[in-house]
Amino acid sequence: MKKYQVKVNEKRCKACGICIGLCPKEVFGEDYLGKAVVKDDGKCTGCKICELHCPDYCVEVGETA
Amino acid sequence: MKKYQVKVNEKRCKACGICIGLCPKEVFGEDYLGKAVVKDDGKCTGCKICELHCPDYCVEVGETA
Amino acid sequence: MFEKWDIRLSGTGGQGLILGGIILASAAVKDGFNAVQSQSYGPEARGGASKAEVIISNQEIFYPKIANANTLLAMSQQAYDKYCVDITEDATIIIDSTLVKNIGADKAKKRFIIPITELAKKETGREMTANIVALGAIVGITKVVSEEAIKEAVLERIPAGTEEMNMKALNAGMKAGQELLQTMAS
Amino acid sequence: MFEKWDIRLSGTGGQGLILGGIILASAAVKDGFNAVQSQSYGPEARGGASKAEVIISNQEIFYPKIANANTLLAMSQQAYDKYCVDITEDATIIIDSTLVKNIGADKAKKRFIIPITELAKKETGREMTANIVALGAIVGITKVVSEEAIKEAVLERIPAGTEEMNMKALNAGMKAGQELLQTMAS
Amino acid sequence: MNSAYEKYFRQDRLPHIWCPGCGNGIVLSAFARAMEELNIDQDKTVVVSGIGCSSRATTYVDFNTLHTTHGRALAFATGVKLANPELNVFVFMGDGDSSAIGGNHLIHASRRNIDITAIIIDNNIYGMTGGQYSPLTPTGKKATTAPYGMVERNFDLCELVKGAGATFVARGTVYHAKQLTDLIVAGAKNKGFSVIEAVSQCPISYGRRNKMKNALEMINWQKEHAVNVKAAQKMNPEQLKDKFLIGELYRAEAPEYTAEYDKLIERVQKGGK
Amino acid sequence: MNSAYEKYFRQDRLPHIWCPGCGNGIVLSAFARAMEELNIDQDKTVVVSGIGCSSRATTYVDFNTLHTTHGRALAFATGVKLANPELNVFVFMGDGDSSAIGGNHLIHASRRNIDITAIIIDNNIYGMTGGQYSPLTPTGKKATTAPYGMVERNFDLCELVKGAGATFVARGTVYHAKQLTDLIVAGAKNKGFSVIEAVSQCPISYGRRNKMKNALEMINWQKEHAVNVKAAQKMNPEQLKDKFLIGELYRAEAPEYTAEYDKLIERVQKGGK
Amino acid sequence: MNKKVMQGNEACAHGALAAGVRFFGGYPITPSTEVAEVMAKELPKVGGKFIQMEDEIASMAAVIGASLTGKKVLTATSGPGFSLKQENLGYACLTEVPCVVVNVQRGGPSTGLPTSPAQSDVMQAKWGTHGDHPIIVISPSTVKECYTLTVRAVNLAEKYMTPVVFLMDEVIGHLREPIDFDEVKDLEVVDRKKPDVSPEEYVSYAAGEDGIPVLAPFGTGYRYHVTGLTHDEQGFSTMAPPVVARMNQRLMDKIDNNLDDIITFESENLEDADVVLVAYGSSARSAKEAMRWLNAADQNVGLFRPITIWPFPEKEIRKIAGNVKAIVVPEMNMGQLKLEIERAAAGLTKVIGVNKVDGEPITPEEIINAVKGVL
Amino acid sequence: MNKKVMQGNEACAHGALAAGVRFFGGYPITPSTEVAEVMAKELPKVGGKFIQMEDEIASMAAVIGASLTGKKVLTATSGPGFSLKQENLGYACLTEVPCVVVNVQRGGPSTGLPTSPAQSDVMQAKWGTHGDHPIIVISPSTVKECYTLTVRAVNLAEKYMTPVVFLMDEVIGHLREPIDFDEVKDLEVVDRKKPDVSPEEYVSYAAGEDGIPVLAPFGTGYRYHVTGLTHDEQGFSTMAPPVVARMNQRLMDKIDNNLDDIITFESENLEDADVVLVAYGSSARSAKEAMRWLNAADQNVGLFRPITIWPFPEKEIRKIAGNVKAIVVPEMNMGQLKLEIERAAAGLTKVIGVNKVDGEPITPEEIINAVKGVL
Ligand SMILES: Cc1ncc(C[n+]2csc(CCOP(=O)(O)OP(=O)(O)O)c2C)c(N)n1
Ligand SMILES: Cc1ncc(C[n+]2csc(CCOP(=O)(O)OP(=O)(O)O)c2C)c(N)n1
Ligand code: SF4
Ligand code: SF4
Ligand code: SF4
Ligand code: SF4
Ligand code: SF4
Ligand code: SF4
Ligand SMILES: [Mg+2]
Ligand SMILES: [Mg+2]
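Values in this document were obtained by computation on a predicted structure and should not be read as measured data. (Residues numbered from 1 in each chain as written. Chains lettered and ligands numbered in written order. Predicted model: local features only at pLDDT ≥ 70, side-chain atom pairs only at ≥ 80, totals over all residues. Heavy atoms only, no water.)

### Thoughts on the overall build of chain C
Looking only at helices and strands, chain C has six helices and six strands in total. The order of α-helices and β-strands along chain C, N terminus first, is β-α-β-β-β-α-β-β-α-α-α-α. At 15 Å, chain C has a C-alpha radius of gyration in line with the 16 Å of a compact globule built from 186 residues. Relative to its 186 residues, chain C shows a buried fraction of 56%. For chain C, the share of sequence-separated contacts (at least 6 apart) that also reach a separation of at least 24 residues comes to 58%. Of the accessible surface of chain C, which amounts to about 7,700 Å², a share of 51% is contributed by carbon and sulfur atoms. Computed over 20 positive and 22 negative side-chain charges, the inter-centroid distance for chain C is 4 Å. (Helix = DSSP H or I, 4+ residues; strand = E, 2+ residues; numbered from the N terminus. Rg over C-alpha atoms; globule rule 2.2 N^0.38 Å. Buried < 20%, exposed > 50% of the residue type's maximum accessible area, 1.4 Å probe, protein only. Contact = heavy atoms within 4.5 Å. Areas by Shrake-Rupley, 256 points an atom, 1.4 Å probe, with all protein chains shown as cover. Lys, Arg positive; Asp, Glu negative; His and termini not counted. Charge placed at Lys NZ, Arg CZ, Asp CG, Glu CD.)

Shown next as structure tokens:
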């Protein structure tokens, strides 16, 4: 099975909650300001729903090894 | 058979030729300026095509006796 | 000498009087004069009285409108009634008797009555050329422009293919004008 | 004596600071003062730094804007950084430590640090009431308006059904402010 | 015509300024007959128009008449109708007036389904300004601003207002003058926005330039090219080539705007939200 | 996204001004991916917009960009495209921008079938001015100028442009972000006027007022209420109640305006009439 | 005392309601939108109608249509929208249909600075539409005036059968101040005249001695014609030069013959002022503040605040010009009303502008500096 | 000699073609339509584009869009259409997109007298759009000037990157006079500057020493942003007060710093004139005729004809005002440029208007009478 690395550009994240809510694998959590943080990208399936739907282009899903 | 009287308000007639051309019974002729004149309303069937189509409201078709 | 012609062509929309005015102005320019042509419109530039004005002068023409014409062409009753009062004392007035039936309202000393539209129909088969006949008449009577110039000007402005017809019209007008002039002179 | 308060409430869009300003101005009016409230917008009145200004005076207020605030509320880092420099020498500055983490850019002598948003969440369960907590803190610290007036003013402007929650918020803010004031005084 | 003529025309304003053979006069008499059939209260009726030859109609009919700015008749009419829904509101427009500069107001009146009846005199040209192409000038036809033939596509006006939400859409012609009256009557009875496209002739600015030498020829063209929508159902595409449909083209049910607003007022005044 | 993002965005202009959760950003990334798929020449591409939150899009994408006046983007774009048909022209508009003040230009661009691709971000509201109703605010919904609920009927934007003559009409949503890219690609490939209505969310000025508490809820609403046009064919009216269609809704063949004009020039220069 | 803290835009809307406005047609635009929002909420309560039209052109049209049914009407907009309203504003001038057009000025030109204040539509308010036409333009300086002067604007519109432009600026529009409703509750309200003759005798644009026509509301039995073409007394279009001249002249005269009634202003310390500040709208507040400080420093500085901007209080300015070292004119524009002041001053004194177009209001300090430069 | 009798409107169109105009977007309106009609016919012949847009707003938009692709552009309209163009005209001012807007003035206000002459959009031409903005306005008096000055208008637009209003009137628009094409065949034609740096170094609104930006045609590899929001040198919107102030100031300066290049006028007999007639457009012809007669009667009457109406030749008027008994200003309006003349005259002399708004041109007699009144 492929593995994915999920990165959030925290600086640009506006804490909208979209990636957090849309990710089918609950990869994201939120910090005290509501910004997305990657909890566990081990579960990530690489569907890129998060990346496609981040209004601020802060989520990046990359394939690893 | 009903009889009709056809009148043209010559003053207002703009000589467009519509009544003259549309009358199925050739009731109208034209004067030297192209204005409609009633040639023979004996042939008139009272269809009122002329009255309905005169752009200047100068034709009047009335029933007589 | 300061020479100035104030010519008004009047009639109804569709008679081609504006074109007539343009041709007359062009002919004057060909003759080396200054000329301006203008017109006034009704609310929609169609129907009702129509007039075209031409000023021809050997000096520069500033104010381009005419108060009182010294030459008036009247090609409809309405136009005649309206404009025949705004003329100079010694004005020349040319009336299309095909269309103007009640004549007499004007005080012109030089009055020329010509069945212009009838003439057009007769000579060319088309009433449409009445404006050119009228031009011929004006030139024939007033000599405001040369025959050469008016011919050239007409040929420049009419649709291709109608040259012959229009020359006929022009000549008919000139002839009628000249004849009448002679009659009156004699 | 000519008394004048130049109060600036700053933070981000959506924090309700404009409503806070209106309430403060209304309270001042209830206390018999003159007051004006204004705000400035970003290109779209949303997002980015937001500020509301309130001037309270016992004289007529003509010029309605503030150059240097003598009282500043800062409810975001960006707002703090931006506005903490435009204050008078003896200004009072109140900082929401929940949201402003880097403090120190200002030269205020009277600096009050209160976790306003946290307090709002704790006291009412809703961050949304942070603006009312902040108002409480301002009043508690500055006494610019009477407790009565600010209570009345809050009740007038909030949605029906939220009275209790907002009073809790207001009281929490006032208490925090007063306590801090005493600590600093002592 | 006579009684309608006497009752609904401002006699002292005639003759009208329209050119010989212009279809505007014929549409206006069809309108007058429709008013007669509706037995309309002149005092309670407002007729609005824009700017164009067709829009001069308001000069000649004896109602509360409002001759507005080019393209904006429906926006003025919307104000009239909403401010006083008791008034009957009719609007005359030209093809350019309604679909070029006024296109936006046309689609919004359609969307709102406001109880106004619009009569659009479609002569395929800007008549008043002397023959420039309009959005209803058929592709290929000539106009002073289309000396090489109209290069743009033309609207199907009826499809346009249907797509925008009008609830009564019809097309008539000057030739079918009686039907035109019927369509206006039906449009007026529709409680909502009604559009009647009246195909008309402008012999001066359109006909001559497009090889139709006079009004009569143009009216006969209408006769030959119009097909009643019902008859069309039984015709094949081959037969319908080059033809256009007339009659009631579309009807729909939808809430009428000013009535809805009145309900809103009632609701609010009763303390609703 | 990454490569599209790097290539087609003006990095130095970001972050954009849009509120947290605003759909505009998502539509814009769908657009960028479409540009990548089309492998478009940035120098030969002009992106035009009107005024509104959505219209700020032109600030962020790296093309020849033209941020115009409210409602007029398509009129500016028509000038650009006609003056130089070699340029690819895309237009971003909001629902108010395109269908309220800009409605006329929308229907005329449709009529002319000019080769422009219009992306209309439909968030059902005037976002930029803080939440007034638009012609696409559904009847009954609240807005600052509809405090008692929208009393007017709303347009079906796709029906409108279809009735006006557009040759490619599609609807997508922010939720269906991949499909949105496909629709933009298909629209761009259509040689004619293409409209893509992108249903989007404005959590700030629309959602909150209408009981949708955040962007996520609004995106999920899209997911639940959108039905692909193909799937819809197999559904009954009951099942389609409250749903809206997405996908390619309409396509037609028609001559493209600027190409026709180029032919005209050729004809005239050869001495034709 | 019955004070309420309210925004200028809100106060304008409430003033309109108090003046009897029962129809609002508008299109949202920053920074005027709150006027529409209040109207949308309040009008149904009093049986009035609010409509958001498809654009500003349509809004202007709709209010004119509504006014012809006898309703008092309002519309509100800002810069770009005001530009769009011009054609139909001219229509209202010529057809003499009362309406009030609020323009809350923002930074220009073009889309400019939508949320920033400016006073750069002052000349446009007079000259924005084609053709010679009369116009009344009123500019408030306080939130209270947003209320009271809107009432006055509606009154003037109804009295003189003319559009009135209510020219605010973003500072005033968005400013919140208390209004004491006890003070404003008894404002005079003027209704347009109704015909006092039968429909048969009625001549719509005949206009009596006062030169103001009586337009009967549509639907009341007086049938007449309204057109934007130059028309005669019967309301029908004409091209007859004497009639055209007469009708155009009357149109101007109905305003020009009533300057004393129409023009209002505020003045302070004019008597022995060395310098007079002439300012309007929110800049007048900066000017007052400046004057307060200058007077405190014993400087003889006065203030003249035109409340009616157009017709311009020319006579008053001429008088001031004869008595002072300089007139200082702070405006949030590049010098607009200054031009008219210069004209009125006719060389009698220096006219110095304090101009600012950076999106920020003029500060009292900036005015003080300008005054110090001439004192 | 190569004389052709031509209408003013036609001459304007042919002048535009000679100046290199290759795009026309318009909407028909009397009395300007012939400009469009000639363009529709002639443009395809030279590979240019003509489009009749859905209205005047769209026409103005289309020409701006076309201009950004590097084409020289023209639009033409009259009163009501000019009102509608205002918003986008302001957009062109701020975005500095060259274009020429012809307004053939007709009787106003409102629909007014569509086929009659007037000069009542003179102030609107300067003040019609919201916000402070620069504008160049040129007014021809002869058919020949309709040609030559259109070339100049296009040149000025391209040189200064700005809209130019070509302000005609119905008399001139519909007048036919000969033009000698030999005389006009070698007129200078100016093209807008092209960037002389690479796309990487290019800064769209940086503007060099002359204060005039270089806008690269879209499609030539220079990608930049154009917006009607107040923007910085990079073309992106800004609210930073110093930047806003700087950009707005530069916009005005690019015109104000070049008055000598932009302002042209004609003058006659100014030296020892007792009375100077100041007139423009077709009224200047009446004025010349009047002067001819007055001079013939040994009256010392001079003429000053502004060809550039805006920016206004203020300096020249001031000078004249110092030397004469009176300035007489015939205008087919209620006194518009007269206001500016009064301002410039600063009380140094009387300014007397000869005004007419009945749809007829001013006659030389009317001017003569006015002059006699002061001599
Ligand atoms: C704002 C504005 N633009 C243009 C015009 C000029 N104009 C008057 S009528 C008209 C078109 C008329 O065409 P249409 O609406 O088809 O009416 P018709 O004359 O053919 O009946 C135009 C362009 C105007 N009066 N106002
Ligand atoms: C002529 C004009 N009228 C009004 C406005 C104010 N205005 C700016 S954006 C906007 C509406 C925006 O709504 P929409 O087009 O749906 O875009 P959104 O902000 O929702 O993306 C309005 C009314 C303006 N800028 N110009
Ligand atoms: S790629 Fe899919 S699974 Fe992975 S984080 Fe994003 S949404 Fe979740
Ligand atoms: S979608 Fe983007 S902006 Fe929203 S929470 Fe996730 S990372 Fe942040
Ligand atoms: S009624 Fe019929 S038959 Fe009689 S004249 Fe008229 S058209 Fe002819
Ligand atoms: S239809 Fe009327 S106007 Fe035409 S010729 Fe007959 S009577 Fe005359
Ligand atoms: S120009 Fe055409 S539409 Fe206008 S009146 Fe004449 S015929 Fe009728
Ligand atoms: S107001 Fe709405 S549309 Fe505008 S940026 Fe915010 S969320 Fe997006
Ligand atoms: Mg038409
Ligand atoms: Mg929107």
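Having seen the model, we can carry on.
### Structural notes on the state of the cysteines
By definition, a disulfide is the covalent link that joins the sulfur atoms of two cysteine residues. Under the criterion given, the structure shown has zero disulfides over all chains. Free cysteine Cys158(F): the closest other cysteine sulfur is in Cys22(F), separated by 20 Å. For Cys158(F), a relative accessible area of 5% gives the class buried. Not engaged in a disulfide, the cysteine Cys12(H) finds its nearest cysteine sulfur in Cys146(H); these two sulfurs lie 6.5 Å apart. For Cys12(H), a relative accessible area of 0% puts it in the buried group. (Disulfide = S-S within 2.5 Å.)

### Concerning the site of ligand 5
Near ligand 5 there are 14 residues, and of these Cys23(B), Cys44(B), Cys47(B), Lys48(B) and Cys50(B) occur at the shortest range. Looking at the shell around ligand 5 residue by residue, the class counts come to 10 nonpolar, two polar and two charged. (Near = heavy atom within 4 Å. Nonpolar A, V, L, I, M, F, W, Y, C, P; charged D, E, K, R; others polar.)

### Section: the sheet that holds strand β7 (residues 226-228) of chain F
Across the sheet, which stays open at both edges, the nine strands sit in the order β7(F)-β8(F)-β5(F)-β6(F)-β4(F)-β3(F)-β1(F)-β2(F)-β10(H) with mixed pairing between neighbours. Here the strands that pair on one side only, and so sit at the sheet edges, are β7 of chain F together with β10 (225-227) of chain H. Averaged over all neighbouring strand pairs, the angle between strand axes comes to 20°, with direction disregarded. Set on the sheet, helix α8 (residues 177-189) of chain F makes contact with β3 (88-94), β4 (117-122), β5 (168-173), β6 (194-199), β7 and β8 (244-251) of chain F; between it and β5(F) the angle comes to about 165°. (Pairing = 2+ DSSP bridges. Axes fitted to C-alpha atoms, helices over the stretch in contact; angles between N-to-C directions.)

### Digging into the coordination of the magnesium ion (ligand 9)
All names here are of chain E. In this structure, Asp 95 (OD), Asn 123 (OD1) and Ile 125 (O) serve as the protein donors to the magnesium ion (ligand 9), at separations of 2.0 to 2.1 Å. Mapped onto the polypeptide sequence, the residues donating to the magnesium ion (ligand 9) form the spacing pattern D-x27-N-x1-I. The pair formed by Asn 123 and Ile 125 is uniform in burial state, with each residue classed as buried. (Donors = N, O, S within 2.8 Å, 3.2 Å for Na, K, Ca; no water.)

### Quick word on a positive patch on the surface
On the surface, Lys141(E), Lys142(E), Lys211(E), Arg267(F) and Lys41(H) cluster together to form a positively charged patch. Within the element layout of this structure, Lys211(E) appears in the loop between α9 (203-207) and α10 (215-225). Taking relative accessible area as the criterion, Lys211(E) reaches 78% and is therefore assigned exposed. (Patch = residues over 30% accessible without salt bridge, like charges linked within 9 Å, V, L, I, M, F, W, Y side chains within 5 Å. Salt bridge = Lys/Arg side-chain N within 4 Å of Asp/Glu carboxyl O.)

### Focus on the environment of Trp127(G)
Structurally, Trp127(G) is set in helix α5 (residues 122-127). On the basis of relative accessible area, Trp127(G) is assigned to the buried category, the value being 9%. Residues Trp127(G) and Gly90(G), 37 residues apart in the sequence, show an inter-C-alpha distance of 10.0 Å. Setting aside chain neighbours within four positions, we find Trp127(G) in contact with Met123(H), Gln124(H), Trp127(H), Gly128(H), Gln336(H) and Leu339(H).

### Comments concerning the interface of chain H and chain G
Tallying the contact residues gives 54 residues for chain H and 54 residues for chain G. Contact between chain H and chain G buries roughly 4,700 Å² in total, counting both sides, with carbon and sulfur atoms accounting for 63%. Looking only at chain H, the three residues that lose the most surface to chain G are Pro109(H), Trp127(H) and His130(H), adding up to 16% of its buried area. Scanning the region where chain H abuts chain G turns up two salt bridges. In this structure, the salt-bridge partner of Glu342(G) is Arg343(H), at a minimum N-O distance of 2.3 Å. (Buried area = accessible area lost by both parts, 1.4 Å probe.)

### Let's talk about the packing of aromatic side chains
If you walk through the whole model with that rule in mind, you get 38 aromatic pairs over all chains. Taken together, a centroid distance of 6.4 Å and an interplanar angle of 75° make the contact between Tyr257(F) and Tyr261(F) edge-to-face. Here Tyr261(F) and Tyr257(F) lie together in helix α13 (residues 257-269), a separation of four residues that amounts to about one turn. The exposure class of Tyr261(F) is buried, given its relative accessible area of 2%. On the basis of an interplanar angle of 70° and a centroid distance of 5.6 Å, the ring pair of Tyr202(H) and Tyr224(H) is categorised as edge-to-face. Here Tyr224(H) lies in the loop between α8 (181-184) and β10 and Tyr202(H) lies in the loop between α8 and β10, a separation of 22 residues in the sequence. Here the aromatic cluster, defined as three or more aromatic residues joined through ring pairs, consists of Tyr8(E), Phe31(E), Phe63(E), Phe90(E) and Phe92(E). (Phe/Tyr/Trp six-rings, centres within 6.5 Å; stacked < 30°, edge-to-face > 60°.)

Remember that the coordinates give geometry; whether it matters functionally is a separate question.
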